[in-house]
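# Commentary on secondary and tertiary structure
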Amino acid sequence: MPECTLRPSPISPTVDFSADGVQHGFLRLPYSRDDSAWGSVMIPVTVVKNGEGPTALLTGGNHGDEYEGPIALFDLARTLKAENVTGRVIIVPAMNYSAFLSGTRTSPIDKGNMNRSFPGAPDGTVTQKIADYFQRTLLPLADIVLDFHSGGKTLDFLPFCAAHILPDKVQEAKAFDLVRAFGAPWSMKMLEIDAVGMYDTAAEDMGKIFITTELGGGGTATAKSAAIAKTGVANVLKAAGLLKGTAAAAQTTWLDMPDGNCFSFAEDGGLIEFFFDLGDDVKSGDIVARIYPVGRTGAQPLEVKAKMSGILTARHFPGLVKSGDCVSVLATVIG
Ligand SMILES: [Zn+2]
């Protein structure tokens, strides 16, 4: 086998991850372009460190049109004091910063979907370079990783914190303990449609305690969903011993996505009418939604039927749907 060595990351941080105190700076990624010949993408980062202890890596804006994470993390970054921390908290409120600035799921520069770009590449596109920096520099520093997501412009979710079923049951149990500590109204044993290239998978493969969220959607945050995010991240830091104080006790209902029958996809495009709202009980065989063809009147709508019984946990967001769109996600209540 020829030796495979990757070139160093082109990203240079303006913060020192080993220094005590509070530092606000940037991950500076050179990006030469028409309007800035020797320009850079400046990804905001905050490091709060106080002595020895675990490291938490907190990220939002992995997808650029999901807002609870950036709200909670920009707020945490400006308020977290070193004297209240034991260990180190690294905060990147808008991981795919260019996508975040344009309010789109993927990067306007390279169309890169951050959460399908891992392990990334130091000589790849802008999004791949960011993924590579997380893969080889930031994730190795971390003990626990919290990556905020929501539904973005095309999905809406019941607010939940989640972790995955893992082959290492000790790692899995630690992750579900942090999900419980987060204290969202719902907690999920999460199944991915395709876990290849995800930040989640990269962190878990490195043995990190990884948790994520889906806290709402529709391309905005509500007062409730932002509050869940802010309380949740503080609870996680307290439960991990990183932040002074005790995690607020919260009631949560556990959900499970048992298999691929939880997902329904549109087999044609059109106007969507839902017969259930988020949180409603759906029985197997129920019509979850109708998709009306919109080319002419008089045509029969397509019915989307539930393939299992469960709680409506996610739904397509805007009123028009395209063939292949995810229409709904069902999950079973397990406690
Ligand atoms: Zn997302």
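Coordinates for the structure precede this section.
Here's a quick rundown of the structure. The shown structure was predicted, so the numbers you read here are calculated from the model rather than taken from an experiment. (Residues numbered from 1 in each chain as written. Predicted model: local features only at pLDDT ≥ 70, side-chain atom pairs only at ≥ 80, totals over all residues. Heavy atoms only, no water.)

All right, on to the environment of Ile-228 then. Summarising the element assignment, Ile-228 is placed in helix H6 (residues 223–239). The buried category is assigned to Ile-228, whose relative accessible area is 18%. Here Ile-228 is in contact with Pro-159, Phe-182, Ala-184, Pro-185 and Leu-215, once residues within four sequence places are set aside. (Helix = DSSP H or I, 4+ residues; strand = E, 2+ residues; numbered from the N terminus. Buried < 20%, exposed > 50% of the residue type's maximum accessible area, 1.4 Å probe, protein only. Contact = heavy atoms within 4.5 Å.)

In this section: the coordination of the zinc ion. Under perfect tetrahedral coordination by four donors, a metal shows angles of 109.5 degrees; under perfect octahedral coordination by six donors, it shows angles of 90 or 180 degrees. The coordination sphere of the zinc ion, as far as protein atoms go, consists of His-63 (ND1), Glu-66 (OE), Glu-66 (OE) and His-149 (ND1), spread over 2.1 to 2.4 Å. Linear spacing of the donor residues for the zinc ion on their chain is H-x2-E-x82-H. With a gap of 83 residues between them, Glu-66 in the loop between strand S4 (55–59) and helix H1 (68–79) and His-149 in the loop between strand S6 (144–147) and strand S7 (155–157) connect regions that are remote in the sequence. As far as the burial class goes, Glu-66 and His-149 line up, both buried. (Donors = N, O, S within 2.8 Å, 3.2 Å for Na, K, Ca; no water.)

Let's shift gears to the side chain of Lys-49. The residue Lys-49 is located in strand S3 (residues 40–50) in this model. Classification of Lys-49 as buried rests on a relative accessible area of 12%. Of note is the side chain of Lys-49, whose polar atom sits 3.2 Å from the side chain of Asp-20. A polar contact of 3.4 Å, which involves the side chain of Lys-49, links it to the backbone oxygen of Gly-51. Not counting residues within four places of it along the chain, the set of residues in contact with Lys-49 comprises Phe-17, Ser-18, Ala-19, Asp-20, Gly-21, Ala-82, Gly-87 and Arg-88. (Polar contact = N/O pair within 3.5 Å; in protein donor to acceptor, adjacent residues only side chain to side chain.)

Its 14 residues place the ends of helix H4 (residues 169–182) 20 Å apart at the C-alpha level, agreeing with the 20 Å of an ideal helix rising 1.5 Å per residue. Put simply, Asp-168 is the residue that caps the front of H4, since its side-chain oxygen is 2.9 Å from the backbone nitrogen of Val-170. Taken from the residues just after H4, Gly-183 is the one with a positive phi, measuring 75°. (Expected span 1.5 Å × (residues − 1).)

What follows deals with the nonpolar core. Grouped together as the largest cluster of nonpolar side chains are 35 residues, with contacts concentrated most on Leu-58, Phe-148, Phe-182 and Ile-211. Counting residues per element, the ones that place at least two in this core are S4, H1, strand S5 (87–92), S6, strand S8 (160–164), H4, strand S10 (209–214) and H6. Here this core gets 6 residues from one element, more than from any other, and that element is H6. The residues touching Phe-148, leaving out its near neighbours within four places in the chain, are Thr-59, Gly-60, Glu-66, Gly-69, Ala-72, Leu-73, Phe-182, Thr-213, Leu-215, Ala-229 and Val-233. By size, the runner-up hydrophobic cluster in this structure holds 32 residues, among which are Phe-160, Met-190, Ile-291 and Val-304. (Core = buried A, V, L, I, M, F, W, Y, C linked by side-chain atoms within 4.5 Å.)

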